[in-house]
Amino acid sequence: MSMAGTENISGARASCGANKFIRRMLPCLVVKSAPSVASEEQLRKIFVEHDENKDGRLNKKELEAAFRTLGSRAPAWRADQAVYHNDLDLDGVLNEHEIDHLVAYALDHGYSTLN
């Protein structure tokens, strides 16, 4: 048997094995499309809509409701974290300027609008 014949047989076996492997793994390799991330405007609109008393500031209760709308698994915790990371003047609420930071915070943490 020549070396070329062995290579062809081995190559065929390897190819056949590779095809079986690919067919088995293909369902695992299919890339699912990620949900579209909300634009800054969409997120801003959601946060502003949750300003229940229309004072231009979001308290923890209003933030919790907004993060619940955005699908947070722990909206109360996320509201606390949002205030902690974005309340620049340390008054316990997020004003209009701080809402800009909140929108960036939400985008950084992968929040998207519900379809």
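## A short note on the nonpolar core
Item 1. Ranked by size, the top nonpolar core spans 18 residues in total, and within it Leu43, Phe47, Leu58, Leu63, Phe67, Leu70 and Leu102 carry the most contacts.
Item 2. Of all elements in the fold, only helix H2 (40–49), helix H3 (60–69), helix H4 (75–86) and helix H5 (96–108) reach the threshold of two or more residues within this core.
Item 3. Considering every element that reaches this core, the biggest residue donor is H5, with 5 residues.
Item 4. Excluding residues within four positions of it along the chain, Phe47 makes contact with Leu58, Leu63, Ala66, Phe67, Leu70, Leu102, Val103 and Ala106.

## A closer look at the packing of aromatic side chains
Item 1. A full pass over the atoms with the stated rule returns 2 aromatic pairs.
Item 2. Judged by centre distance (5.5 Å) and plane angle (65°), the rings of Phe47 and Phe67 are edge-to-face. With Phe47 in helix H2 and Phe67 in helix H3, the pair connects residues that are 20 residues apart, well separated along the chain. Each member of the pair, Phe47 as well as Phe67, carries the same accessibility label: buried.
Item 3. Between Phe67 and Tyr111, the aromatic rings sit 5.2 Å apart at their centres with planes inclined by 65°, giving edge-to-face as the arrangement. One end of the pair, Phe67, is in helix H3; the other, Tyr111, is in the segment after H5, with 44 residues separating them in the sequence. Tyr111 matches Phe67 in its accessibility class, with the two residues each being buried.
Item 4. Within the aromatic cluster, the residues linked to one another by ring pairs are Phe47, Phe67 and Tyr111.

## Structural notes on the pattern of salt bridges
Any two side chains of opposite charge can pair, so long as their charged atoms come close to each other.
Item 1. For the coordinates displayed, the defined rule picks out 6 salt bridges.
Item 2. The closest approach of N and O atoms between Arg44 and Asp100, which form a salt bridge, is 2.2 Å. Within this pair, whereas Arg44 is found in helix H2, its partner Asp100 is found in helix H5, the two being separated by 56 residues in sequence.
Item 3. Its relative accessible area of 31% is what places Arg44 among the partly exposed residues.
Item 4. Between Glu52 and Lys61 there is a salt bridge, with its nearest N and O atoms 3.9 Å apart. The pair Glu52 / Lys61 is uniform in exposure class, with both members exposed.

## A look at the side chain of Glu98
Item 1. Along the polypeptide, Glu98 turns up in helix H5.
Item 2. Summary of buried charges: Glu98 has no salt-bridge partner, and the nearest side chain of opposite charge, Arg57, is 8.0 Å away.
Item 3. A distance of 2.8 Å separates the side chain of Glu98 from the backbone nitrogen of Leu88, its partner in a polar contact.
Item 4. If we ignore the near neighbours within four places in the chain, the residues touching Glu98 are Asn86, Asp87, Leu88, Asp89, Asp91 and Val93.

## Brief notes about the confidence of the model for the chain
Item 1. Averaged over all residues, the pLDDT of the chain is 80; the fraction at 70 or higher stands at 65%.
Item 2. Within the chain, helix H1 (residues 3–29) has the poorest average pLDDT of any element, 55, and H4 the best, 98.
Item 3. This model gives residues 1–10 a pLDDT under 50, and the stretch forms 2 contacts once residues within four places in sequence are excluded.
Item 4. Every residue in residues 29–36 is under pLDDT 50, and counting partners more than four places away or in other chains gives 3 contacts.

So, how was this worked out
Residues numbered from 1 in each chain as written. Predicted model: local features only at pLDDT ≥ 70, side-chain atom pairs only at ≥ 80, totals over all residues. Heavy atoms only, no water. Core = buried A, V, L, I, M, F, W, Y, C linked by side-chain atoms within 4.5 Å. Buried < 20%, exposed > 50% of the residue type's maximum accessible area, 1.4 Å probe, protein only. Helix = DSSP H or I, 4+ residues; strand = E, 2+ residues; numbered from the N terminus. Contact = heavy atoms within 4.5 Å. Phe/Tyr/Trp six-rings, centres within 6.5 Å; stacked < 30°, edge-to-face > 60°. Salt bridge = Lys/Arg side-chain N within 4 Å of Asp/Glu carboxyl O. Lys, Arg positive; Asp, Glu negative; His and termini not counted. Polar contact = N/O pair within 3.5 Å; in protein donor to acceptor, adjacent residues only side chain to side chain. pLDDT = per-residue confidence, 0-100.

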